[in-house]
Amino acid sequence: MAANPNARRFPEGFLWGAATAAHQIEGSPMADGAGPSIWTRFAHTPGMTVNGDTGDVACDHYNRWKDDVALMASLGLKAYRFSTSWSRILPDGTGRVNQKGLDFYSRLVDELLDKGIEPLLTLYHWDLPAALDDRGGWLNRDVADWFAEYGSVLYRALDGRVKKWVTLNEPWVVTDGGYLHGALAPGHRSKYETPIATHNLMRAHGAAVKAYREIGKHEIGLVVNIEPKYPNTQSPEDLAATKRAHAYMNEQYLDAALLGKYPPELKNEIFGDAWPEWADEDYALIKQKLDFIGINYYTRSVTQATDSYPLKAGAVRQKLGTYTETGWEVFPQGLTDLLVWAKDRYGNLPTYITENGAAFFDPAVAEEGRVRDPLRMGYLKKHLTAIRDAIDQGCDIRGYMVWSLLDNLEWSLGFSKRFGIVHVNYGTQERTPKDSARWYSKAIETHGASI
Ligand SMILES: N#[N+]C[C@@H]1[C@@H](O)[C@H](O)[C@@H](O)[C@@H]2O[C@H]12
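Every value quoted in this text rests on a predicted model; they were computed, and no experiment measured them.

Undergrad: Lay out the packing of aromatic side chains with the relevant residues and their values.
TA: The final tally for this structure, using the stated rule, is 35 aromatic pairs. Aromatic pair Tyr248 and Phe271: ring centres 6.1 Å apart, planes at 55 degrees, arrangement tilted. Within this pair, whereas Tyr248 is found in helix H10 (residues 236-259), its partner Phe271 is found in helix H11 (residues 265-271), the two being separated by 23 residues in sequence. The class of Tyr248 is buried, set by a relative accessible area of 4%. Classification of Phe271 by relative accessible area gives buried; the value is 1%. The interplanar angle of 35 degrees and the centroid separation of 5.9 Å between the aromatic rings of Phe271 and Trp275 together place this pair among those described as tilted. By way of ring pairs, the aromatic residues Trp172, Tyr248, Tyr262, Phe271, Trp275, Trp278 and Tyr283 are connected into one cluster. Positioned above the aromatic ring of Tyr323 is the side chain of Arg317, whose terminal nitrogen or guanidinium carbon lies 3.7 Å from the ring centre. Its guanidinium or amino end placed over the ring of Phe10, Arg388 lies 5.6 Å from that ring's centre, counting from NZ or CZ.

What follows is the structure, encoded as structure tokens:
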């Protein structure tokens, strides 16, 4: 009997989209009165990025935004997740509003709506105003008020046209990369600063949600990157290491936001005396009702005990695994496992997969204008199937944003890794939809039946 094509359709209202971030695609970081961000400074610091790549031009989206929205519409996208640059809106981080910066995002939102594409706006995707970093940035408790002020400017200007807001993108990466290991802006390497940055990020998240409840009338949530940890062996050491890694990456931020507490492993097994005691009112600020959570999923980690600092846990490369250009194992089952874990732990909140995708070596644009990227198509197919499986297990998954719409600036990796379903020629800025974009368009058109 022929398979029922509707058997694999996604639920009615499932939101199909793509994601980007301001610093990674916009370029023109100082245009029209904008102030520098920590990434403007970090990328211009010799040795901090591959080939010294910066966001000075990136995908020139700041100038090409209208054509990029037309491209999204041609692909049939129903939603577009993007971030706003805090220092375009508030060049000094607080106080004076740069109207030209606000106008850029207002025009972008109107164009998206005109094309029938729902905007999902992320307030913070790693590009803290340099002026605030000079005042301590995420290490200064005042940052919660600064962030709420920034969010409020945007809420007042855009709420109603924007109906899905995100406070933070991946706070774990902000702290682990920017404060513990120094691989990302602002490039600090301190076991003592990391918990403080974490806590202030979560206080800022809470303050921004509170401000939204006073101004906004729609939905707001938090986006986290989580990665399932599977023990390499059943030895006590590997099991304990896996538990630590899971608490540090997967439980830490959602527990704070949704349960009003941090996992005990953070103080007892990872940070020790570097983990301060926080006041109860901080937890009350952090734990705000959320309308949804966003999960960014890329890979899993088979975990073993190591002497890594301070986690004492590390990933084991799988001999039979398939790996992406960023060294991440392709493991779609991990997405299903994680979604079920989050449902069971946090009570099946409405959830969006706010990022999922892969960097593979893509061939150049062929003469006939094609970019053949079968590995990326296979990755997307497997992970959308994994989401479908999670939905069948009762998870309330509301949408999927492929990372990324465009090849773009991959932070410290510069332009060396391509995640886009659309190829970008950085010399000419020409956009060319890859085979994966055409495949994704069909998936959207058939609501998943063609996957
Ligand atoms: N690396 N990588 C790809 C992707 C990155 O480009 C995004 O900005 C982050 O939100 C998240 O880390 C994922």
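Undergrad: I'd like a rundown of the site of the ligand, residues and numbers included.
TA: In the vicinity of the ligand there are 13 residues, among which Gln24, His125, Glu355, Glu410 and Trp411 approach most closely. Note that an oxygen atom of the ligand is positioned 3.0 Å from one of the side-chain N or O atoms of Asn169. Within the side chain of Trp403, an N or O atom sits 3.3 Å from an oxygen atom of the ligand. Computed on the free molecule, the ligand has an accessible area of 320 Å², of which 93% lies beneath the protein chains in the complex. Here the shell around the ligand is composed, by residue class, of six nonpolar, four polar and three charged.

Undergrad: Residues and numbers for the layout of surface pockets, please.
TA: Rolled over the atoms, a probe with the dimensions of a water molecule shows which regions are left empty. A volume near 160 Å³ is recorded for the second largest pocket. Looking at the lining of the second largest pocket, its residues break down into five nonpolar, two polar and four charged.

Undergrad: Explain the pairing of strand S12 (residues 422-425) to me, using residue names and the numbers behind them.
TA: Remember that side chains alternate between the two faces of the sheet whenever the strand is regular. Two strands pair when backbone bridges link them, and S12 and strand S13 (residues 430-433) are joined in this way by four bridges, in the antiparallel orientation. Across the sheet, the residue bridging to Val422 is Pro433, located in S13.

Undergrad: Lay out helix H8 (residues 171-180) in plain terms, naming residues and giving numbers.
TA: Along an α-helix, residues three or four apart share an orientation, since each turn contains 3.6 residues. Of all 10 residues making up H8, 10 are buried, and the element is well covered by its neighbours. Those residues of H8 not exposed but buried are Pro171, Trp172, Val173, Val174, Thr175, Asp176, Gly177, Gly178, Tyr179 and Leu180. With its phi angle positive at about 75 degrees, Gly182 sits one or two positions after the end of H8.

Undergrad: Give a detailed account of the sheet that holds strand S9 (residues 313-315), specifying residues and quantitative values.
TA: Strand order in this open sheet of three strands is S6-S8-S9, and the pairing throughout is mixed. Where the open sheet ends on each side, the last strands, each with one partner, are strand S6 (229-231) and S9. With direction set aside, neighbouring strand axes in the sheet form an average angle of 45 degrees. Note that strand S8 (residues 301-305) and S9 share three bridges and pair antiparallel. Residue pairing for S9: Gln304 is matched across the bridge by Gly314.

Undergrad: So what's going on with the packing of H8 against H10? Which residues, and what values?
TA: In contact at an axis separation of 9 Å, H8 and H10 are set at 125 degrees when each is read in the N-to-C sense. Classified by the angle their axes make, H8 and H10 are oblique. Facing H8, whose interface residues are Pro171, Trp172, Thr175, Asp176 and Leu180, H10 presents Tyr248, Met249, Gln252 and Tyr253. Looking at side-chain class alone, the contact of H8 with H10 contains six nonpolar, two polar and one charged residues.

What counts, and where the lines are drawn
Residues numbered from 1 in each chain as written. Predicted model: local features only at pLDDT ≥ 70, side-chain atom pairs only at ≥ 80, totals over all residues. Heavy atoms only, no water. Phe/Tyr/Trp six-rings, centres within 6.5 Å; stacked < 30°, edge-to-face > 60°. Helix = DSSP H or I, 4+ residues; strand = E, 2+ residues; numbered from the N terminus. Buried < 20%, exposed > 50% of the residue type's maximum accessible area, 1.4 Å probe, protein only. Lys NZ or Arg CZ within 6 Å of the ring centre and 35° of its normal. Near = heavy atom within 4 Å. Polar contact = N/O pair within 3.5 Å; in protein donor to acceptor, adjacent residues only side chain to side chain. Areas by Shrake-Rupley, 256 points an atom, 1.4 Å probe, with all protein chains shown as cover. Nonpolar A, V, L, I, M, F, W, Y, C, P; charged D, E, K, R; others polar. 1 Å grid on protein atoms, 1.4 Å probe; cavity = no way out; pocket = protein on both sides within 12 Å on 5 of 7 lines; lining within 4 Å. Points joined across faces, edges and corners; volume = space filled by probe spheres on them. Pairing = 2+ DSSP bridges. Axes fitted to C-alpha atoms, helices over the stretch in contact; angles between N-to-C directions. Parallel < 35°, antiparallel > 145°, perpendicular 65-115°, else oblique. Contact = heavy atoms within 4.5 Å.

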